[in-house]
There are 2 protein chains.
Amino acid sequence: MEAELKGLLSDLHSLKDSLRERSHKDLIDKIQSRVEHLSAAEKLANAHRSKIKDMSAEVVDSNPYSRLMALQRMGIVDNYERIRDFSIAIVGIGGVGSVAAEMLTRCGIGRLLLYDYDKVELANMNRLFFRPEQAGMTKTDAAVQTLTDINPDVVLESYTLNITTVQGFEIFMSSLKNKSFRPDKEGSGVDLILSCVDNYEARMVVNQACNELNQTWMESGVSENAVSGHIQLLVPGETACFACAPPLVVASGVDERTLKREGVCAASLPTTMGVVAGLLVQNTLKYLLKFGSVTPYLGYNALKDYFPTMEMKPNPQCSNAACMERQKEYILAKPARDAAAAKAKMEAEESVEPECLHDDNEWNISVVDDDNDAQGSKASSGAVTEGLVHELPSADAFQQPPVTEETTTTTTGDDLEELRKQLEALNAD
Amino acid sequence: MEAELKGLLSDLHSLKDSLRERSHKDLIDKIQSRVEHLSAAEKLANAHRSKIKDMSAEVVDSNPYSRLMALQRMGIVDNYERIRDFSIAIVGIGGVGSVAAEMLTRCGIGRLLLYDYDKVELANMNRLFFRPEQAGMTKTDAAVQTLTDINPDVVLESYTLNITTVQGFEIFMSSLKNKSFRPDKEGSGVDLILSCVDNYEARMVVNQACNELNQTWMESGVSENAVSGHIQLLVPGETACFACAPPLVVASGVDERTLKREGVCAASLPTTMGVVAGLLVQNTLKYLLKFGSVTPYLGYNALKDYFPTMEMKPNPQCSNAACMERQKEYILAKPARDAAAAKAKMEAEESVEPECLHDDNEWNISVVDDDNDAQGSKASSGAVTEGLVHELPSADAFQQPPVTEETTTTTTGDDLEELRKQLEALNAD
């Protein structure tokens, strides 16, 4: 539009030069002033903030980072600006993924890699982020447009592809391996992958990629009836992978694809998806900036405002070969890990400064103490087995089976049979 | 801009008519085609969807309500379209209020009343909703601009005023009483007020208005260190009002205004505010559309993903005269309430259809059962006294004092003294 307006002005100049009559020249002047007015309006509408080199903690209205840098002064994080070093890949830019991307962008994350093959539709307008005028655009293009406007400091990479195709998977893998953003980084080129997809197949592909790359990731999901969701941290070799604990849909022998029938669409709510995205990115920030504790699995039951938590160990008979590799490595590295932990503990004890957290606590801010936690989240953990059964099963969102640590680590054909029976009993209700 | 482009075209027409040379006419044609191109681009950029008369459940990409109407088919709500009958007032269009407004707009709420006196600044960009190019606009104007684009079906009323001034309070009250949207509605003109303000004084004003109008409302808040928040349901006469249980800041005799010093700004995160807004609007939807259970008080501790719940009865010695009136009315209406409840129970028992909820449960969706709830949220309730202490005290966000049901209903000067001592003990830690 800007180029078009410039062309217009230059055409008017040549026309004016070639005209002799006063009245014609006057009319050209009038037209010119209209075009200049349009140009000014256009410039104003596109006035985006310029890039900011260093994050400042200065408390002025014009500083987009003042409220984030305040996390340091409040003693929540040690070094907020480190966020600029991190790369996050978000797979699926739908109701959860798009909001997660916006939150990370507003937090000033270093680099975001966005993966989706779908287009924006008016039917998506019941969730946050996309706007009606973006209908028809690819979700990746629309997201880059919006996110660039919000924060030009974030490096955005957009991949309009389906990771479940052979070609898509290849590009997915090579983009994750690319380390040009931070060549010194160990492992892959990203610090965390957030899975925000809506189907089992895509989750299995993310799982495969992460097991192969030894890449920590977080999974998220929202049920088809829109009133429950979950997030889960997956560390290859250390926690259960997505294939370790087969979702009930698989255990019951039902092909998920047959459940996605023509004319049947899942319900969704901006509230549930906003909460799940918020919990997902909050745990992402805790993981990256090392504050609070990252929750291994957190459920959200919207009908009762109930939030079950749990942990899952890897399955030593997991069907995923890369997971088995990571498990072996994890066991082999145990002595080194134990030694490092003991050393860190000793150093911490030597340099202990009691109460230093509250040293300049002029706001009297304190966090829930351990006693509380014992009563709160541990009480919830105790109720996990039942809590998770009742989120199940959902065709579109992966839900964990009702496995305790013991059953996970000894899952066999018989256990699957047992799961199948449990599912059938549920269905018969 | 559209008018300017039309004027341009008409000026070009007159110029062309008065010119004789072929080369001049050709140049005008070229300029005209440029302007037409600009007009087309302009129209495309402003192509908003038209209003929709009835909410349809039809599953097509062009239907913005299909995923919401699906809540009926899934058995979550009885009649989703009822949402169009409701009016919600949101006081404070900041990090929580703006996201709550967007969620309700995308859900197709009937009417939204928005109150704020502040302007958008770049310093707000670390939270969702506002865009950098809106810096300098009032938050109400910017919100109306964005929300109208998202869903033109919602009736938006914007009040750019400070409710804590005498004049502002008068307009606030009269706007809440206005019943022109639904003249047959009982009580005030709104169905619920959401308090999303960031200071104690404004909360006390909302409390006063709601006690006077006998208006149910929900309160929300986020702590100054950005890592905890809460929502609370307040029903005049039935639950504690905001003055029934004085926040610790008051109990300790510290004037909150002295805590808001120059150059000191609170930390904030889009995650915490997104989660609080999501929980707030989710409970709003449950309240309006009668599904699930509305949580009386729900806390969110982001560091530990801990969600305490509690209930608070009104204080029979509340300092708020209007609250005391509502309490008297509530007690007087008890026999009628009991009779109605007994009748409803009897009717429900007569027409009971066991298992009907799961009759066509082809997705095998079930909700957490009561046993679970007993283990989950009740366990959390048990930890409430401590849980709430540790969110305290925050100058900017109202936090509940560590009161059990008993102490609330017998709050006296001695209890306040006790609270003050507890606070001092906390500070001394």
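Residues numbered from 1 in each chain as written. Chains lettered and ligands numbered in written order. Predicted model: local features only at pLDDT ≥ 70, side-chain atom pairs only at ≥ 80, totals over all residues. Heavy atoms only, no water.

A. Quick look at the overall build of chain A. Check the secondary structure of chain A and you find 17 helices and seven strands. Within chain A, buried positions represent 56% of all 429 residues. Relative to all contacts within chain A whose residues are 6 or more apart in sequence, the contacts with residues 24 or more apart total 66%. When the accessible surface of chain A is totalled, it reaches about 18100 Å², and 52% of it is carbon and sulfur. (Helix = DSSP H or I, 4+ residues; strand = E, 2+ residues; numbered from the N terminus. Buried < 20%, exposed > 50% of the residue type's maximum accessible area, 1.4 Å probe, protein only. Contact = heavy atoms within 4.5 Å. Areas by Shrake-Rupley, 256 points an atom, 1.4 Å probe, with all protein chains shown as cover.)

B. Empty space enclosed by the protein, seen in detail. The final tally for this structure, using the stated rule, is 10 cavities of 30 Å³ or more. In this structure, the largest cavity occupies an estimated 180 Å³ of space. What lines the largest cavity is a set of 15 residues, among which Glu 102 and Phe 129 of chain A together with Glu 102, Arg 106 and Phe 129 of chain B lie closest to the centre. Put simply, the parts of the chain that give the lining of the largest cavity at least two residues each are α4 (97-106) and α5 (139-150) of chain A together with α4 (97-106) and α5 (139-150) of chain B. Examining the composition of the lining of the largest cavity, we find that three residues originate from one element, α4 of chain B, more than from any other. Its residues assigned to classes, the lining of the largest cavity shows seven nonpolar, two polar and six charged. (1 Å grid on protein atoms, 1.4 Å probe; cavity = no way out; pocket = protein on both sides within 12 Å on 5 of 7 lines; lining within 4 Å. Points joined across faces, edges and corners; volume = space filled by probe spheres on them. Nonpolar A, V, L, I, M, F, W, Y, C, P; charged D, E, K, R; others polar.)

C. Seen up close, the packing of helix α10 (residues 270-289) of chain A against helix α10 (residues 270-289) of chain B. Remark: α10 of chain A packs on α10 of chain B, axes separated minimally by 8 Å, with the N-to-C direction vectors making an angle of 155 degrees. One element, α10 of chain A, and the other, α10 of chain B, form an angle in the roughly antiparallel class. Regarding α10 of chain A and α10 of chain B, the two cross each other, and that crossing is left-handed. Contact residues: α10 of chain A offers Thr 271, Thr 272, Val 275, Gly 278, Leu 279, Val 281, Gln 282 and Leu 285 of chain A, while α10 of chain B offers Thr 271, Thr 272, Val 275, Gly 278, Leu 279, Val 281, Gln 282 and Leu 285 of chain B. For the contact of α10 of chain A with α10 of chain B, a count of residues per class yields eight nonpolar, eight polar and no charged. (Axes fitted to C-alpha atoms, helices over the stretch in contact; angles between N-to-C directions. Parallel < 35°, antiparallel > 145°, perpendicular 65-115°, else oblique. Left-handed = near helix turned anticlockwise from the far one by under 90°.)

D. Spotlight on the side chain of Glu 157 of chain B. Residues and elements named next belong to chain B. In this fold, Glu 157 is placed in strand β3 (residues 155-160). The exposure class assigned to Glu 157 is buried, which follows from its relative accessible area of 18%. A polar side-chain atom of Glu 157 sits 2.7 Å from a polar atom in the side chain of Arg 111. In contact with Glu 157, other than residues within four places in its own chain, are Arg 111, Leu 112, Leu 113 and Leu 114. (Polar contact = N/O pair within 3.5 Å; in protein donor to acceptor, adjacent residues only side chain to side chain.)

E. Looking closely at the confidence of the model for chain A. Residues and elements named next belong to chain A. When pLDDT is averaged along chain A, the result is 81; 76% of the residues meet or exceed 70. The model gives residues 355-359 a pLDDT under 50, and that stretch makes five contacts with residues more than four places away or in other chains. Complex prediction metrics read pTM 0.78 and ipTM 0.77. (pLDDT = per-residue confidence, 0-100.)

F. Local environment of the pattern of salt bridges. Residues and elements named next belong to chain B. On inspection of all chains with the given rule, the structure shows 30 salt bridges over all chains. In this structure, Glu 219 engages Arg 203 in a salt bridge whose closest nitrogen and oxygen atoms are separated by 2.7 Å. Pair noted here: Glu 219 is in strand β5 (residues 217-222) and Arg 203 is in helix α7 (residues 200-213), with a separation of 16 residues, a long-range link. Among the residues examined, Glu 219 registers a relative accessible area of 0% and is labelled buried. (Salt bridge = Lys/Arg side-chain N within 4 Å of Asp/Glu carboxyl O.)

G. A look at the sheet that holds strand β7 (residues 297-301) of chain B. Residues and elements named next belong to chain B. Read from one edge of the open sheet, seven strands run β3-β2-β1-β4-β5-β6-β7, paired in mixed fashion. Each of the sheet's edge strands pairs with one partner strand only, and the pair in question is β3 and β7. In this sheet, adjacent strand axes meet at a mean angle of 15 degrees when their direction is disregarded. For strand β4 (residues 192-195) and β5, the ladder comprises three bridges, and the chain directions are parallel. Paired with Ser 195 across the two strands is Glu 219, which belongs to β5. (Pairing = 2+ DSSP bridges.)

H. Representation of the nonpolar core within the structure. If you look at the biggest cluster of nonpolar residues, it comprises 128 residues, and the most contacted ones within it are Tyr 80, Ile 90 and Leu 112 of chain A together with Tyr 80, Ile 90 and Leu 112 of chain B. Setting aside anything within four residues of it in sequence, one finds Tyr 80 of chain B in contact with Met 55, Leu 68, Met 69, Leu 71, Gln 72, Cys 107 and Leu 289 of chain B. Val 91, Ile 193, Val 197 and Cys 210 of chain A belong to the second-largest nonpolar core, a separate cluster that totals 23 residues. (Core = buried A, V, L, I, M, F, W, Y, C linked by side-chain atoms within 4.5 Å.)

I. A look at the packing of helix α11 (residues 321-332) of chain A against helix α12 (residues 334-350) of chain A. All names here are of chain A. Their axes nearest at 5 Å, the elements α11 and α12 cross at an angle of 50 degrees. For the element pair α11 / α12, the angle class is oblique. Facing α11, whose interface residues are Tyr 330, Ile 331 and Leu 332, α12 presents Lys 334, Pro 335 and Arg 337. Tallied by class, residues from the contact of α11 with α12 come to four nonpolar, no polar and two charged.

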